[in-house]
Amino acid sequence: MTKGNAWVLGATGQIGRAAVRSLVEDGWEVTAASLGGGRDARWDEGVRTRALDRDAEGALAAALGDGCDVLVDMVAYGAEHARQLTGLADRIGSAVVISSGAVYEDDRGRSFDTQDDSDGAPHYPVPIRESQRTLPAGDATYGTRKIGLERDLLAAGDTLPVTLLRAGAVHGEHCRSPRELYFVKRLLDGRDRRVLAFGGESRFHPVHVSNLAELIRLAARRPGSRVLNAGDPQAPTVAEIGAAVDAVLGRTTTTVLLAGAPGEDGVGGTPWSSAHPIVYDMTAAEREFGYRPVTDYAQSLPATVEWIAAQLDGRDWTEAFPAMLRAYGEKLFDYAAEDAWLAAYDRRA
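Residues numbered from 1 in each chain as written. Predicted model: local features only at pLDDT ≥ 70, side-chain atom pairs only at ≥ 80, totals over all residues. Heavy atoms only, no water.

## A short note on the side chain of H208
In step 1: Inspection of the secondary structure puts H208 in strand β9 (residues 206-208).
In step 2: According to the relative accessible area criterion, H208 is buried, its value standing at 12%.
In step 3: Look past the residues within four positions of H208 in its chain and what remains in contact with it is H171, G172, D232, T295 and S300. (Helix = DSSP H or I, 4+ residues; strand = E, 2+ residues; numbered from the N terminus. Buried < 20%, exposed > 50% of the residue type's maximum accessible area, 1.4 Å probe, protein only. Contact = heavy atoms within 4.5 Å.)

## Quick look at unusual backbone geometry
It is generally the case that most residues other than glycine have a negative phi and that most peptide bonds are trans.
In step 1: At the junction of V126 and P127, the peptide bond is cis and its omega measures out at -5° in the coordinates.
In step 2: One non-glycine residue with positive phi stands out, namely H174, at about 70°.
In step 3: Even without being glycine, F198 reaches a positive phi, approximately 55°.
In step 4: If you trace the backbone, F198 turns up in the loop between β8 (193-196) and β9.

## Some points on the sheet that holds strand β1 (residues 4-9)
In step 1: Reading across from one edge, β3-β2-β1-β4-β5-β6-β10 is the order of the 7 strands in this open sheet, with parallel pairing throughout. Edge positions in the open sheet fall to β3 (48-51) and β10 (226-230), since each of these has one partner strand only. Averaged over all pairs of adjacent strands, the angle between their axes in this sheet comes to 20°, without regard to strand direction.
In step 2: Where strand β2 (residues 28-34) meets β3, 4 bridges bridge the pair, whose relative direction is parallel. Counted as the bridge partner of T31 is R48 from β3. (Pairing = 2+ DSSP bridges. Axes fitted to C-alpha atoms, helices over the stretch in contact; angles between N-to-C directions.)

## Points about the pattern of salt bridges
Opposite charge on two side chains permits them to pair, given that their charged atoms come into close proximity.
In step 1: In total, this model carries 19 salt bridges according to the counting rule given.
In step 2: A salt bridge links R221 to D26; its shortest N-O distance comes to 2.9 Å. On the criterion of sequence distance, the pair formed by R221 in helix α6 (residues 209-221) and D26 in the loop between α1 (14-25) and β2 is long-range, its members being 195 residues apart.
In step 3: Residue E288 is joined to R226 by a salt bridge in which the shortest nitrogen-to-oxygen separation is 2.8 Å. Of this pair, E288 sits in helix α8 (residues 283-289) while R226 is found in strand β10, placing the two residues 62 residues apart along the sequence.
In step 4: By relative accessible area, which is 9% here, R226 ends up buried.
In step 5: A single salt-bridge network, built from bridges that share partners, covers K3, D26, E214, R217 and R221. (Salt bridge = Lys/Arg side-chain N within 4 Å of Asp/Glu carboxyl O.)

## Here we look at the packing of aromatic side chains
One pair of aromatic rings is described through two measures. These are the centre distance and the angle between the planes.
In step 1: For the structure shown, the criterion picks out 11 aromatic pairs.
In step 2: Here the aromatic cluster, defined as three or more aromatic residues joined through ring pairs, consists of Y182, F183, W272, W317, F333 and Y335.
In step 3: The cationic tip of R186 hangs over the ring face of Y182; the distance from NZ or CZ to the ring centre is 4.0 Å.
In step 4: Just above the ring of Y335 sits the side chain of R191; from NZ or CZ to the centre is 4.2 Å. (Phe/Tyr/Trp six-rings, centres within 6.5 Å; stacked < 30°, edge-to-face > 60°. Lys NZ or Arg CZ within 6 Å of the ring centre and 35° of its normal.)

## Comments concerning the pairing of β1
In the case of a regular strand, side chains alternate between the two sheet surfaces.
In step 1: A large share of β1 lies buried, amounting to 6 of its 6 residues.
In step 2: With 6 bridges connecting them, β1 and β2 associate as parallel partners. The partner of W7 across the bridge, within β2, is T31.
In step 3: Where the polypeptide runs from β1 across α1 and back to β2, its parallel neighbour, the crossover connection is right-handed. (Right-handed = clockwise from strand over helix to strand, strands pointing away.)

It is worth stressing that arrangement in space is one thing and function is another; only the former is reported here.
Structure follows, in structure tokens:
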């Protein structure tokens, strides 16, 4: 017996692929909607696919027809998408929407948007609970648009129950900007030394796609209006992540620790670098519907590393992962600057 009809928007993205599989395994009839209307090779044959541009006028309403029991939205962003979903409340039984930990700000108003250096970096409580203050809504940044989406959807809770999942640093296969690339590429390039800023102690709480998919599955089962963090059972330091990638590839790397922030040359900076830890509290999800993680960082890492290495095979990293180039720039793999820094370090030692 099926649990009902589930629609997944952004189904061929990183999280969507796993969410479709999880919902099917839990007994839902799933329609997987994406711009290209494609499908994942691991989906059940019963998954229906639909090409859909949700930003085209009236397209989502026409595609939904009589509606669905649950709509899972991977790509909702800003007030316009909130209005789109709430405008279809009479045809959507409940919704599960991916948000982000980027909505949080610390008690001095600092957030992800101000963490370029140690003085401006947010200093959140450890762990961050869902009650932590959030950014003002607006159109200025990713975080302000996400919190605007959240607030507008929660305001419609009487007509559309919505679970909002504030995701940490999403990892796993099919990621457009995999942070693990920082370590994987260095090892594949034969680099045997690396520099880590902030003493290698930076922590940016990861969440594997299968853990997000499990939260989506549970939220679909128990509709309600709520905000929940989404993170793995542990938040490893950047030094621990580097060591874990070494172990997967069977390599040994010497790590040189830089006490403070990266300099202007970017040496020591990583996609996890932050002066203060970013760790999310997961007890609310456990309490709300008995959530238990499917995997942890170390268990899930081999498949991630294998997938990244396959994408790099025969291609420059900027071609394989253009989103990483846009996010972090060429400094991410500026080996000349790194070698110069290490040479100066060795002379001082």
